[in-house]
Amino acid sequence: MIKAIIFDFDGVIHNTLELAYKINKKLGAMATLEEYKDFFNGNIYQHKQIFPEKVKKFFKLQNPKFKKLIIKQNIKEELYKLEQDYDLFIISSNMEAALNSYLKNNKIEHIFKEVLGLESHKSKVYKFRWLMKKHGLGKNNSVFITDTLGDILEAKRVGIKTIAVDYGFHDRARLERGRPHKIVSDFRELAVEIKILMESES
Ligand SMILES: [Mg+2]
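Numbering of residues starts from 1 in every chain and runs along the sequence as written. This being a predicted model, a pLDDT of at least 70 is required before a residue's local features are given, and a value of 80 or more before pairs of side-chain atoms are given or counted; all residues contribute to the totals for chains, interfaces and linings.

- As annotated in an unreviewed UniProt entry, the protein chain carries the name FCP1 homology domain-containing protein.

Okay, here's the thing in structure tokens:
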């Protein structure tokens, strides 16, 4: 049976909170940083302040910036290690175009089996189901790694367990509301927790 790790991107592989918030401000959003974090309590595209024209403008400003982002060395090393034991995937609300340029520039594009972003679907529930079907992934052999409450809730609807990181968009208290399997504070803690989770299931 394939053992799969599905990663969210923003706030997990790269902390893009400040970058995203600044762009939103530039586009005239009145939200404070704390209010902006609330956008991610559910699926971002279902938020009442998010509409197609704004999304288009956001990515027009964001995508060029993504080309300059450099991955943290310790995250890159961990990903390389995880790839030896698991199939790695990304499910994100960001654009695949932006994600793929980031992965390529940081030389990690080959370690992910598939990257599903906005171009595939707005709903992560849909993308989980699609990915599981296509790659024959089982709920008990898959884990989702994310930094937001909204993501935990979407994974829950599909029955995928989540390990959350609290160094991204949402803090521990907010993440706990979604009752993730575990919350860690450093990317390097993931390997151990994923191993424990997978072994308890098989
Ligand atoms: Mg995220």
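### Overview of the sheet that holds strand E5 (residues 161-165)
Strand pairing in a sheet relies on backbone hydrogen bonds. The paired strands run either parallel or antiparallel.
Line of reasoning, step 1. A pair of strands counts as paired when DSSP detects no fewer than two bridges linking them. Under the scheme used here, helices are H or I runs from DSSP no shorter than 4 residues and strands are E runs no shorter than 2 residues, and both carry numbers assigned from the N terminus. A sheet is described by the order of its strands in space; here six strands give the open sequence E3-E2-E1-E4-E5-E6, paired in parallel fashion. Each edge of the open sheet is held by one strand with a lone partner, namely strand E3 (112-116) and strand E6 (182-184). Between one strand axis and the next, the sheet turns by 20° as a mean value, whatever way the strands run.
Line of reasoning, step 2. Relative to strand E4 (residues 142-146), strand E1 (residues 4-7) runs parallel, the two sharing four bridges. Paired with Ile 6 across the two strands is Phe 144, which belongs to E4. Every axis in this analysis is a line fitted to C-alpha atoms, fitted for helices over the stretch in contact. Angles between the N-to-C directions lie between 0 and 180 degrees.

### Quick look at the nonpolar core
Line of reasoning, step 1. Ile 5, Ile 6, Phe 7, Phe 89, Ile 90 and Ile 145 are the most contacted members of the largest nonpolar core, which totals 44 residues.
Line of reasoning, step 2. Contact criterion: two residues are in contact if their C-beta atoms, reconstructed from the backbone, are within 7 Å. Other than its neighbours up to four places away in sequence, Ile 145 contacts Ile 5, Phe 7, Asp 8, Val 12, Ile 163, Val 165 and Leu 190. As used throughout, a nonpolar core is a set of buried Ala, Val, Leu, Ile, Met, Phe, Trp, Tyr and Cys residues joined through C-beta atoms within 7 Å of each other. Counting other C-beta atoms within 10 Å of a residue's C-beta gives its exposure: the residue is buried at 20 or more, exposed at 12 or fewer, and partly exposed in between, where C-beta atoms are placed from the backbone.

### Topic: the pairing of E5
Line of reasoning, step 1. For E5, the buried fraction is high: five of the five residues fall into the buried class.
Line of reasoning, step 2. Neither face of E5 is left uncovered, since the one carrying Lys 161, Ile 163 and Val 165 and the one carrying Thr 162 and Ala 164 both have all their residues buried.
Line of reasoning, step 3. Strand direction decides the pairing type here: E4 and E5, joined by four bridges, are parallel. For Phe 144, the partnering residue across the bridge sits in E5 and is Thr 162.
Line of reasoning, step 4. Note on handedness: a crossover is taken as right-handed if, strands pointing away from the viewer, the path from the first strand over the helix to the second is clockwise. Read from E4 through helix H7 (residues 149-158) to E5, the crossover connection turns out right-handed.

### A closer look at the packing of helix H1 (residues 17-26) against helix H3 (residues 52-66)
Line of reasoning, step 1. Viewed as axis vectors pointing N to C, H1 and H3 meet at an angle of 140°, and their least axial separation amounts to 10 Å. In terms of orientation, H1 lies oblique with respect to H3. Handedness of the crossing formed by H1 with H3: right-handed. Residues Leu 19, Ile 23, Asn 24 and Lys 26 of H1 form the contact with H3, whose participating residues are Phe 58, Leu 61, Gln 62 and Lys 65.
Line of reasoning, step 2. Classification convention: Asp, Glu, Lys, Arg as charged; Ala, Val, Leu, Ile, Met, Phe, Trp, Tyr, Cys, Pro as nonpolar; all other residues, Gly among them, as polar. Residue composition of the contact of H1 with H3, by class: four nonpolar, two polar and two charged. These descriptions rest on fixed angle ranges, namely under 35 degrees for roughly parallel, over 145 for roughly antiparallel, 65 to 115 for roughly perpendicular, and the rest for oblique. In this scheme the crossing of two helices becomes right-handed for a clockwise turn of the near helix relative to the far one and left-handed for an anticlockwise turn of less than a right angle.

### Details of the pairing of strand E2 (residues 87-91)
Line of reasoning, step 1. For E1 and E2, the ladder comprises four bridges, and the chain directions are parallel. Directly across from Ala 4, in E2, lies its bridge partner Asp 87.
Line of reasoning, step 2. In this sheet, E3 lies alongside E2 in parallel orientation, the contact comprising four bridges. The residue bridging Phe 89 from the neighbouring strand is Glu 114, located in E3.
Line of reasoning, step 3. Between the parallel pair E2 and E3, the chain is carried across by helix H5 (residues 96-105), and the sense of this crossover is right-handed.

### Examining the packing of H3 against H5
Line of reasoning, step 1. Their axes nearest at 9 Å, the elements H3 and H5 cross at an angle of 10°. Our classification of the angle between H3 and H5 gives roughly parallel. Across the interface between the two elements, Phe 59, Gln 62, Asn 63 and Phe 66 of H3 pack against Ala 97, Ala 98, Ser 101 and Tyr 102 of H5.
Line of reasoning, step 2. Here the contact of H3 with H5 is built from residues that sort into five nonpolar, three polar and no charged.

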